[in-house]
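Structural overview for review
Spelled out, the chains give:
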Amino acid sequence: MERKVVLITGCSSGIGLHLALRLAADPSGSFKGGKRAGAKDPGGVEGCLVSGDEGREDLCPRGSPNSRQSSLNSVYATLRDLGSQGPLWEGARARGCPPGSLETLQLDVTDSCSVAAARDHVTEGRVDILVCNAGRGLVGPLEAHTVEAVGSVLDVNVAGTVRTLQAFLPDMKRRRAGRVLVTGSIGGMMGLPFNAVYCASKFALEGLCESLAVLLPPFGVHVSLIECGPVRTAFQEKLEGGPGGALGSTDLETRALFSRYQSHCERIFREEAQDPEDVVEVFVRALSAPRPVLRYFSTERFLPLAELRLSDPGGSQYVNAMHRAVFSEPEEGEAGSEAKGLESP
């Protein structure tokens, strides 16, 4: 089977990190160049990790003068700051990723020049699978957010995805082959309280990807969104402006509601959050599908919520059900079918 060249943005932690490791260690060999972990090459040398040029690090055979000469790297894990790549390489060693299976590149989605430079460092000269995963969160009352925080989230989540697609789509269209996976969210399918800007950015990705999905099939390029619910990653710890923003600028009632929202989210993450490894398998299923669809869901828990939005174009049923789910503690046995699955935004 021909090796696939994969480039993933946002690999310092969470889904991006786990996906890069999963594909680099893929047992089918579809996403890697090089040998099985622990195998020896014809020269009898075993694989090891070494530092590559220009701040990159590669898996390559011991004794090789240059990893780019010894093997083709098929999984490119990109990070805004290469100083944060330590956990990625620790994971690669722990998983026994084969020589030549993984390479890190610096890529800042907010900088078009950085995106272009990363593209130009793909030694195979092509990317078969592009995963737009870089993202940033923002939680709290809208009036508590600074304009800079709002701009940063939109720049990463929306404009950053556009920059990445602009850099890689033309070659996919020219070759009439390619797959694009974008990390979506239930926050892109329904409005969540105290997530107004984040949801706005994810709603924008829904429109962006759906529009491209309509356009690109004649070019042999397929776009898929991986719709994620709560995932156990460091995402919540990296919220722009911290959790809540400048709460002192809001009224007491809003602060009280935000406190209830935080308690709700803590319970949901404690009881319902998925491990990133489980979510990664949804990505693998999407990129391996003979005929990929537009949306894949990491959990079916939120499908009733999406159906509720569609069944009531006016939106009142969804708004009322979500408000009750987040801000009201239902009496035992009171939760009806319309609220089923609503308690895990």
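Residues numbered from 1 in each chain as written. Predicted model: local features only at pLDDT ≥ 70, side-chain atom pairs only at ≥ 80, totals over all residues. Heavy atoms only, no water.

So, the overall build of the protein
Across its full length, the protein holds 10 helices and nine strands. Burial analysis of the protein (345 residues in total) assigns 50% to the buried set. Long-range contacts, defined here as pairs at least 24 residues apart, represent 76% of the contacts in the protein between residues at least 6 apart. (Helix = DSSP H or I, 4+ residues; strand = E, 2+ residues; numbered from the N terminus. Buried < 20%, exposed > 50% of the residue type's maximum accessible area, 1.4 Å probe, protein only. Contact = heavy atoms within 4.5 Å.)

Digging into the packing of aromatic side chains
The full count for this structure, using the stated rule, is four aromatic pairs. Each residue in the set Phe194, Phe258, Tyr261 and Phe327 is aromatic and connected to the rest through ring pairs, giving one cluster. A cation sits over an aromatic face here: Lys173 above Phe219, 4.7 Å from the ring centre. (Phe/Tyr/Trp six-rings, centres within 6.5 Å; stacked < 30°, edge-to-face > 60°. Lys NZ or Arg CZ within 6 Å of the ring centre and 35° of its normal.)

Topic: empty space enclosed by the protein
Per the stated rule, a full pass over the model turns up one cavity of 30 Å³ or more. Reported here for the largest cavity is a volume of approximately 30 Å³. Here the residues of the lining of the largest cavity are counted per class, giving five nonpolar, two polar and one charged. (1 Å grid on protein atoms, 1.4 Å probe; cavity = no way out; pocket = protein on both sides within 12 Å on 5 of 7 lines; lining within 4 Å. Points joined across faces, edges and corners; volume = space filled by probe spheres on them. Nonpolar A, V, L, I, M, F, W, Y, C, P; charged D, E, K, R; others polar.)

Comments concerning the side chain of Asn133
Considering the arrangement of structural elements, one finds Asn133 in the loop between strand S6 (129-132) and helix H5 (147-175). In this structure Asn133 comes out as buried when scored by relative accessible area, which is 12%. Residues within four places of Asn133 in sequence aside, it is in contact with Ile8, Thr9, Gly10, Ile15, Gly16 and Thr183.

Some points on the pairing of strand S4 (residues 75-79)
Taking burial as the measure, the five residues of S4 include five buried ones, the bulk of the element. By the alternation rule, side chains of S4 split into Val75, Ala77 and Leu79 and Tyr76 and Thr78, which are all buried. Here strand S1 (residues 6-8) runs beside S4; their pairing, made up of three bridges, is parallel. Its bridge partner lying in S4, Leu7 is registered against Tyr76. Once you follow S4 into helix H3 (residues 86-95) and on to strand S5 (residues 102-106), the crossover reads as right-handed. (Pairing = 2+ DSSP bridges. Right-handed = clockwise from strand over helix to strand, strands pointing away.)

Structural notes on the packing of helix H7 (residues 252-272) against helix H10 (residues 316-327)
One can describe the packing of H7 onto H10 by two numbers: an axis separation of 8 Å at closest approach and a directional angle of 80°. The angle between the axes of H7 and H10 places the two elements in the roughly perpendicular class. Between H7, through Leu257, Arg260, Tyr261 and His264, and H10, the contact on the second element is made entirely by Ala325, Val326 and Phe327. A per-class count over the contact of H7 with H10 returns five nonpolar, one polar and one charged. (Axes fitted to C-alpha atoms, helices over the stretch in contact; angles between N-to-C directions. Parallel < 35°, antiparallel > 145°, perpendicular 65-115°, else oblique.)

Here's the deal with the environment of Val214
Mapped onto the secondary structure, Val214 falls in helix H6 (residues 196-215). Val214 sits in the exposed class, given a relative accessible area of 66%. As for Val214 and Leu294, which are separated by 80 residues in sequence, their C-alpha atoms are 9.6 Å apart.

Comments concerning unusual backbone geometry
Phi angles above zero are rare outside glycine, and Arg176 is one such case at about 55°. With respect to the secondary-structure elements, Arg176 resides in the loop between H5 and strand S7 (178-185). The phi dihedral of Phe194 is positive, around 65°, even though this residue is not glycine. Relative to the elements of secondary structure, Phe194 occurs in the loop between S7 and H6. The class for Phe194 is buried, based on a relative accessible area of 13%.

What to know about the packing of H5 against H6
Packing of H5 against H6 brings their axes to within 8 Å, and their N-to-C directions diverge by 20°. In terms of their interaxial angle, H5 and H6 are classed as roughly parallel. Seen from above, H5 lies across H6 with right-handed handedness. Seen from H5, the contacting residues are Val150, Val153, Leu154, Asn157, Val158, Thr161, Val162, Leu165 and Leu169; seen from H6, they are Val197, Tyr198, Ser201, Ala204, Leu205, Leu208 and Leu212. A per-class count over the contact of H5 with H6 returns 13 nonpolar, three polar and no charged. (Left-handed = near helix turned anticlockwise from the far one by under 90°.)

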